[in-house]
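Tertiary structure, described
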There are 2 protein chains.
Amino acid sequence: MRDLTDDLRWLAINSATIKSWPLDQQIEGCARAGITGIAPWRNGLADLGVSRARELLRAHQMTVTCLCRGGMFTAADAAGRKAAIDDNRRAVDEAAEIGARCLVLVAGGLPAGSKDIAGAREQIRDGIAAMLPQARAANMPLAIEPLHPMTAADRCLINTLDQALDLCDELGAGTGVVVDVYHVWWDPELPAAIDRARGRILTYHVCDWLVPTTDLVEDRGMMGDGVIDLRGIRAMVEEAGYAGHCDVEIFSARNWWKRDPAEVLQVAIERYRKFV
Amino acid sequence: MRDLTDDLRWLAINSATIKSWPLDQQIEGCARAGITGIAPWRNGLADLGVSRARELLRAHQMTVTCLCRGGMFTAADAAGRKAAIDDNRRAVDEAAEIGARCLVLVAGGLPAGSKDIAGAREQIRDGIAAMLPQARAANMPLAIEPLHPMTAADRCLINTLDQALDLCDELGAGTGVVVDVYHVWWDPELPAAIDRARGRILTYHVCDWLVPTTDLVEDRGMMGDGVIDLRGIRAMVEEAGYAGHCDVEIFSARNWWKRDPAEVLQVAIERYRKFV
């Protein structure tokens, strides 16, 4: 297991963590802080412009750990599903243009008015299958992200690492998974699932689970402020062959989003050394 | 699958749903409404007195679908774990005295200050094993309840039906499971797990998952107000041999807890006929 205490090389920052800055400031801010990796979101990319983002990322020799995000394949009708697939194809192009290591897919929840969970999961599989040829052609790995079961209804119906790996098994080359500690830490099958994910972990996301948690989406904690055994999970992930960045992704309406992003970066560096 | 539309016999009310009434009013209110089953909580039982509760339940020929709840086995030290086991032994006695069909166990989360999830799960197994001889002697089945993964940190580290069944397999006779739709509806393994639970489903709890959900514990919906395929899950549960009550358990700080419990019972009856 890598000793990260004095090795900043494997710290990356997810745009969501410092979202009060536009993407150009995020890139420059990370570079100033000595951070070598970043995970942009598509909205920030659209605001800055993809080619300008590409220039800035190159100028600062920034590793783009992933592009967040494609997905959201589920829809109440065929037109909605087709629009989602078209949008995902554009996301592949954007990810390729900025040299992202992978494109993260957050699958989507139940279509409005639907209670058909099995049907929605079929839509997800079919949606990824439909975009996969283009992703393969662009050499852009698709990183299927299992999200916490509390997001199943309205955000993501891929809810365990095993379920994501089942999809990868079915869809084949060009697919892999995101391991985000926030979504998977509780899973009794986690050790076996991470081992099963060997060679397919495309990106690794860290933050912490707060007690109490006051919101289902926007109340994540900074590493060390919660109950997740971060070192334990990283040991498993690295044992399974992962050797990339640890991407700090914190949605935090009540705390970190209210602070100066430059301060958040300094705290993230300190906590990365101490807890990740 | 039973047709419940005109058959109130299988409706039960969990005390938590109408908790602004004390237990005696709950029993009388359910009886007045034609409801034949109730699931008391231990705090209500303590307030009323166990023998008085027993009398009232008998007088109204009320089926006690389960007693809520034992569990909470995890603790930071041996004294805390022993106190939990002692308390669970008292819960077995109480459940037996009121003629409950089973005692529900909510296992407990991480001990304060701990990140050792595997160790906490061992404490849970050991705690149930320690109380099991007494439960067997009292003919009181222990109903292990998998709770939604969002409760893992601070409430329950048994988070899937398969995990609960693994525990039952390990512990043997006298153990079974609760299937509460709120906790398990999202699980991609649910159909297989319910089939595996054949003969071991001790009680079945219903409510609904709201979109959006604004609190991790106290924002459950009334049946029909959310996205859970209640008929689909009941079909699986009955296919697996369950033929008992459907216990309406709704924690709802922002809605149902604010209403007159008599009104809540009427709405529950209507929704039971239409959606359960």
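None of these values were measured; they are calculated from a predicted model.

**A short note on helix α4 (residues 78-97) of chain A**
Residue and element names in this part refer to chain A.
- For α4, spanning 20 residues, the distance from its first C-alpha to its last is 29 Å, which sits close to the expected 28 Å at 1.5 Å a residue.
- What α4 keeps buried is the set A84, I85, N88, A91, V92, E94 and A95.
- Close packing links the buried residues of α4 with α2 (42-48), α3 (50-59), β4 (67-71), β5 (103-106), α5 (117-137) and β6 (142-144).
- Of the residues one or two after α4, G99 is the one with positive phi, at around 70°.

**Observations regarding the relation of the copies chain B and chain A**
- In screw terms, the move from chain B to chain A is a rotation of 180° and a rise of 0.0 Å along the axis, fitting with an RMSD of 0.0 Å. Overall, the copies show the geometry of a two-fold rotation axis.

**Considerations on the packing of helix α1 (residues 23-32) of chain A against α3(A)**
Residue and element names in this part refer to chain A.
- Two numbers describe how α1 lies on α3: the axes approach to 10 Å, and their chain directions differ by 5°. Comparing their axes, α3 and α1 come out roughly parallel. Along its contact with α1, which presents L23, D24, I27 and E28, the element α3 presents A53, L56 and L57.
- Taken together, the residues of the contact of α1 with α3 sort by class into five nonpolar, no polar and two charged.

**What to know about the packing of aromatic side chains**
- Applying the stated criterion to the full structure yields 11 aromatic pairs over all chains.
- An angle of 70° between the planes, with centres 6.1 Å apart, marks the rings of F251(A) and W257(A) as edge-to-face.
- On the basis of relative accessible area, F251(A) is assigned to the buried category, the value being 14%.
- Look at W41(B) and F251(B): their rings are 6.0 Å apart centre to centre, the planes differ by 80°, and that puts the pair in the edge-to-face class. Of the two residues, W41(B) is situated in the loop between β2 (37-39) and α2 (42-48) and F251(B) in the loop between β9 (246-248) and α10 (261-275); the sequence distance between them amounts to 210 residues.

**With respect to the sheet that holds strand β9 (residues 246-248) of chain A**
Residue and element names in this part refer to chain A.
- Strand order in the open sheet formed by nine strands is β3-β2-β1-β9-β8-β7-β6-β5-β4, and the pairing between neighbours is parallel. A strand with exactly one partner marks an edge of an open sheet, and here the two such strands are β3 (63-64) and β4.
- Examined bridge by bridge, strand β1 (residues 11-14) and strand β2 (residues 37-39) share three bridges and lie parallel to one another. Paired with I13 across the bridge in β2 is I38.
- Contacts between helix α9 (residues 230-239) and the sheet are confined to β7 (175-180), β8 (201-206) and β9, with β8 contributing the most and set at about 175° to the helix.

**With respect to the packing of helix α4 (residues 78-97) of chain B against helix α5 (residues 117-137) of chain B**
Residues and elements named next belong to chain B.
- Here α4 crosses α5 at 35°, and the two axes come no closer than 9 Å. Once α4 is placed against α5, the crossing between them reads as right-handed. Residue-level inspection shows R81, I85, N88, R89, V92 and D93 of α4 in contact with α5, the latter providing Q123, G127, A130, M131, Q134 and A135.
- Within the contact of α4 with α5, the residues separate by chemical class into five nonpolar, four polar and three charged.

**Things to note about unusual backbone geometry**
- Here the residue pair C68(A) and R69(A) is connected by a cis peptide bond, since its omega of -5° sits within 30 degrees of zero.
- Checked against the element boundaries, R69(A) lands in strand β4.
- Between V211(B) and P212(B) the backbone carries a cis peptide bond, its omega angle lying at 0°.
- Relative to the helices and strands, P212(B) resides in the loop between β8 (201-206) and α9 (230-239).
- Even without a glycine there, the phi angle at Q61(B) is positive, about 45°.

**Re α9(A)**
Residues and elements named next belong to chain A.
- All of the buried residues in α9 are L230, I233, R234, V237 and E238. The arc that holds every buried residue of α9, seen down its axis, measures 135°, which confines them to one face.
- Looking at the buried positions of α9, the neighbouring elements they touch are β7, α7 (181-184), α8 (190-196), β8, β9 and α10 (261-275).
- Within two residues after α9, G241 carries a phi angle of roughly 100°, on the positive side.

Reading the values: rules and limits
Residues numbered from 1 in each chain as written. Chains lettered and ligands numbered in written order. Predicted model: local features only at pLDDT ≥ 70, side-chain atom pairs only at ≥ 80, totals over all residues. Heavy atoms only, no water. Helix = DSSP H or I, 4+ residues; strand = E, 2+ residues; numbered from the N terminus. Expected span 1.5 Å × (residues − 1). Buried < 20%, exposed > 50% of the residue type's maximum accessible area, 1.4 Å probe, protein only. Contact = heavy atoms within 4.5 Å. Least-squares fit on C-alpha atoms with pLDDT ≥ 70 in both. Axes fitted to C-alpha atoms, helices over the stretch in contact; angles between N-to-C directions. Parallel < 35°, antiparallel > 145°, perpendicular 65-115°, else oblique. Nonpolar A, V, L, I, M, F, W, Y, C, P; charged D, E, K, R; others polar. Phe/Tyr/Trp six-rings, centres within 6.5 Å; stacked < 30°, edge-to-face > 60°. Pairing = 2+ DSSP bridges. Left-handed = near helix turned anticlockwise from the far one by under 90°. Arc of directions from axis to C-beta.

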